[in-house]
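# Coordinates in review
Each chain, written out:
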Amino acid sequence: MSEVTRILESIENGDSTAAEKLLPLVYSELRRLAAHKMSQESPNQTLQATALVHEAWLRLVGDANPKFDSRGHFFAAAAEAMRRILIDRARRRRAIRHGGGQKRMNVEDIDLAAPDSDDQLLAVSDALDKLAEQNPVKAELVKLRYFAGMTLEEAAKVLNISARTADSYWAHARAWLYREIERDRQQ
C-alpha cells in the first residue's frame, strides 16, 4: 500500500491530521496537472495553476469527510474538481452581468467585443456530461486527459485499463464528442 493510499484511508477514517500529511505528497503532481490544464486556457484567464490546485484541494478535503479508494481515485476526483472549477468560472464569465462572454479590447484596435474560449469549454463539458450517461469510463478518460492533462498511459493506470484499451476509448470519445458538439452548434 502506497503512502498516499494509507493517508487517504486515514482521512476516510476521520483522522483530522491526515489531510495535512497528504498535501505535501500530492501537491507537486496536482500542480503539474493544473499547470498543464491552465496552459490550454485562453490568455485572458486570470486563474493561476496554484490557485486552481488550492481551490480543488479545498473541494476535495474541505468540510466533508472524503472517501477515496486509491491514489488513482484521488487524482480522478482532483481532475473532476478542477474541471468543475473551470466550468463554474467559464459560466460566471459568460453571464451577462459579467460581460456575456465578451472580452475587453483596445478601442484603437477594434471597437467590437470578441467571444473568448469559454463557449468551447462549456460545449465540451456539456457533451462530456452526455457521454458520461452512455459510457462513464470513456467520459472519465476524457476528463483525465483534457482537464487534468494526464498522458494516455497515466489515465489508463488511474482507470485500471490497458493502454491499448485507453487508446481505443480515447479515439472513440474524441470522435463522439466532436459529433455531439457539432450537432449542438447546428441547433
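Structural notes, computed from the coordinates.

What counts, and where the lines are drawn
- Residues numbered from 1 in each chain as written.
- Predicted model: local features only at pLDDT ≥ 70, side-chain atom pairs only at ≥ 80, totals over all residues.
- Heavy atoms only, no water.
- Phe/Tyr/Trp six-rings, centres within 6.5 Å; stacked < 30°, edge-to-face > 60°.
- Helix = DSSP H or I, 4+ residues; strand = E, 2+ residues; numbered from the N terminus.
- Buried < 20%, exposed > 50% of the residue type's maximum accessible area, 1.4 Å probe, protein only.
- Lys NZ or Arg CZ within 6 Å of the ring centre and 35° of its normal.
- Core = buried A, V, L, I, M, F, W, Y, C linked by side-chain atoms within 4.5 Å.
- Contact = heavy atoms within 4.5 Å.
- Salt bridge = Lys/Arg side-chain N within 4 Å of Asp/Glu carboxyl O.

Here the structure, examined in full by the defined rule, presents two aromatic pairs. Here Trp57 and Phe74 contribute two aromatic rings whose centre-to-centre distance is 6.4 Å and whose plane-to-plane angle is 70°, an arrangement assigned as edge-to-face. Taken together, the residues span a long stretch of sequence, with Trp57 in helix α3 (residues 49-61) and Phe74 in helix α4 (residues 71-94) at a distance of 17 residues. Overall, the relative accessible area of 11% leaves Trp57 in the buried class. The class for Phe74 is buried, based on a relative accessible area of 0%. Aromatic pair Phe74 and Phe75: ring centres 5.3 Å apart, planes at 80°, arrangement edge-to-face. You'll find Phe74 and Phe75 in the same group, each marked buried. Grouped by ring-pair contacts, the aromatic residues Trp57, Phe74 and Phe75 constitute a single cluster. Sitting over the ring of Trp170, Arg145 keeps its end group 4.4 Å from the ring centre.

The subject of this paragraph is the nonpolar core. Core analysis: the biggest nonpolar cluster contains 54 residues, and Leu22, Leu30 and Phe74 have the highest contact counts within it. With 11 residues, α4 is the largest single contributor of residues to this core. Beyond its immediate chain neighbours, meaning those up to four positions away, Phe74 contacts Leu8, Leu22, Val26, Leu30, Trp57, Leu60 and Phe68.

Throughout the structure, instances matching the rule amount to 14 salt bridges. Taking the shortest distance from any N to any O, the salt bridge between Glu180 and Lys130 comes out at 3.0 Å. Within this pair, whereas Glu180 is found in helix α8 (residues 163-186), its partner Lys130 is found in helix α5 (residues 118-134), the two being separated by 50 residues in sequence. A salt bridge links Arg183 to Glu180; the nearest nitrogen and oxygen atoms lie 2.6 Å apart. Taken together, the positions of Arg183 and Glu180, both in helix α8 and three residues apart, correspond to about one turn of that helix.

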